[in-house]
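Take a look at the letters that make up each chain.
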Amino acid sequence: EAQVTQNPRYLITVTGKKLTVTCSQNMNHEYMSWYRQDPGLGLRQIYYSMNVEVTDKGDVPEGYKVSRKEKRNFPLILESPSPNQTSLYFCASSLYQGLSEQYFGPGTRLTVT
Amino acid sequence: KNQVEQSPQSLIILEGKNCTLQCNYTVSPFSNLRWYKQDTGRGPVSLTIMTFSENTKSNGRYTATLDADTKQSSLHITASQLSDSASYICVVTPGGSYIPTFGRGTSLIVHP
């Protein structure tokens, strides 16, 4: 089944404790991206990747890192999480950036205390 | 600053009725405009994708229209079903940019 998976789905952590949210797609898509969704706000892009080893900042990259060592994986790294990073995170992928359909993962709900 | 405004913020309709959701944007020029459906607690699902040169795009009971002159788009849902209850999100990507601007969504509730 074609899909985007994220792990973990739920995470509660403390300020400053490094964490990684994994994202994997099985559709051989070139383009992948991370978003955060907060109540009352639209989704905002954190980082995106056009292909392996090619990543760039989105709208709200501060406090986040990403890597794209393999085509299928695009992990999101929070080196020192803070409470303002409490949010619902979505990973997405598409065949390429532009007019191709984008597929979203199920989301990761992160709480930083 | 690029903006995407959606209206109404929320809408309640009876099953079987039609409805239209609005999206106004300031992004210009733009590469494409998308509509997504997002069920509570789940990832958005793509409904339609349009370029600036397209006026309408359909996906089953969902029809999106675009007026690039007035910078408005609408999503029309025909013969609504209970499963249409969700948030509908309008997204505009500027020309020459890879960073999309998302609207805050319209929350639709379909009552039996």
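Everything below is about the structure printed above this text.
Residues numbered from 1 in each chain as written. Chains lettered and ligands numbered in written order. Predicted model: local features only at pLDDT ≥ 70, side-chain atom pairs only at ≥ 80, totals over all residues. Heavy atoms only, no water.

## Digging into the environment of N7(A)
Note that N7(A) resides in strand 1 (residues 4-7). Those residues in contact with N7(A) that lie beyond four places of it in its chain are T20(A), V21(A) and T22(A). (Helix = DSSP H or I, 4+ residues; strand = E, 2+ residues; numbered from the N terminus. Contact = heavy atoms within 4.5 Å.)

## With respect to the sheet that holds strand 7 (residues 62-67) of chain B
Residues and elements named next belong to chain B. A sheet is described by the order of its strands in space; here five strands give the open sequence 1-3-8-7-6, paired in antiparallel fashion. Each of the sheet's edge strands pairs with one partner strand only, and the pair in question is strand 1 (4-7) and strand 6 (56-59). Between one strand and the next, the sheet's axes are offset by a mean angle of 15°, whatever the strand orientation. The sheet contact formed by strand 6 and strand 7 spans four bridges and is antiparallel. (Pairing = 2+ DSSP bridges. Axes fitted to C-alpha atoms, helices over the stretch in contact; angles between N-to-C directions.)

## Points about the packing of aromatic side chains
Residue and element names in this part refer to chain A. Applying the stated criterion across every chain, the model contains nine aromatic pairs over all chains. With 5.5 Å between their ring centres and 35° between their planes, Y35 and F104 make a pair best called tilted. Of this pair, Y35 sits in strand 4 (residues 31-37) while F104 sits in strand 10 (residues 102-104), placing them 69 residues apart in sequence. Grouping residues by exposure puts Y35 and F104 together as buried. (Phe/Tyr/Trp six-rings, centres within 6.5 Å; stacked < 30°, edge-to-face > 60°. Buried < 20%, exposed > 50% of the residue type's maximum accessible area, 1.4 Å probe, protein only.)

## Some details on the layout of surface pockets
Taken as a whole, the largest pocket holds about 630 Å³ of empty space. Taken together, 26 residues line the largest pocket, and the ones lying closest to its centre are Q37(A), P39(A), G40(A), S87(B) and R104(B). Those elements that provide at least two residues to the lining of the largest pocket are strand 9 (87-94) and strand 11 (108-112) of chain A together with strand 1, strand 9 (86-94) and strand 11 (106-111) of chain B. Partitioning the lining of the largest pocket into residue classes produces seven nonpolar, 14 polar and five charged. (1 Å grid on protein atoms, 1.4 Å probe; cavity = no way out; pocket = protein on both sides within 12 Å on 5 of 7 lines; lining within 4 Å. Points joined across faces, edges and corners; volume = space filled by probe spheres on them. Nonpolar A, V, L, I, M, F, W, Y, C, P; charged D, E, K, R; others polar.)

## Considerations on the interface of chain A and chain B
With 24 residues of chain A in contact, the opposing surface of chain B contributes 20 residues. Overall, the association of chain A and chain B removes approximately 1,700 Å² of surface from exposure, summing both partners, and the carbon and sulfur fraction of that is 58%. Broken down residue by residue, the surface that chain A buries against chain B is led by L43(A), L99(A) and F104(A), which jointly contribute 28%. Along the contact surface separating chain A from chain B lie zero salt bridges. Mapped by element, the contributors of at least two residues to the side of chain A that touches chain B are strand 4, strand 5 (44-51) and strand 10 of chain A. Residue classes in the side of chain A that touches chain B are distributed as ten nonpolar, ten polar and four charged. (Buried area = accessible area lost by both parts, 1.4 Å probe. Salt bridge = Lys/Arg side-chain N within 4 Å of Asp/Glu carboxyl O.)

## Some words on the nonpolar core
All names here are of chain B. Residues Y25, L33, W35, L75, Y88 and V92 are the most contacted members of the largest nonpolar core, which totals 23 residues. Breaking this core down by element, the ones donating at least two residues are strand 3 (19-25), strand 4 (30-38), strand 5 (45-51), strand 7, strand 8 (72-77), strand 9 and strand 11. With sequence-adjacent residues up to four places away left out, Y25 is seen in contact with Q3, V4, F30, L33, L66, D67, A68, K71, Q72 and V92. (Core = buried A, V, L, I, M, F, W, Y, C linked by side-chain atoms within 4.5 Å.)

## Side note on the pairing of strand 9 of chain B
All names here are of chain B. Of all nine residues that make up strand 9, nine are buried, and the element is covered over most of its length. Strand direction decides the pairing type here: strand 4 and strand 9, joined by eight bridges, are antiparallel. Directly across from L33, in strand 9, lies its bridge partner V92. Direction of pairing for strand 9 relative to strand 11: antiparallel, over a ladder of three bridges. Among the inter-strand pairings, Y88 is bridged to a residue of strand 11, identified as T106. Hairpin geometry of strand 9 and strand 10 (residues 101-102) is characterised by an intervening segment of six residues between the two adjacent antiparallel strands and by a positive phi of about 80° at G96.

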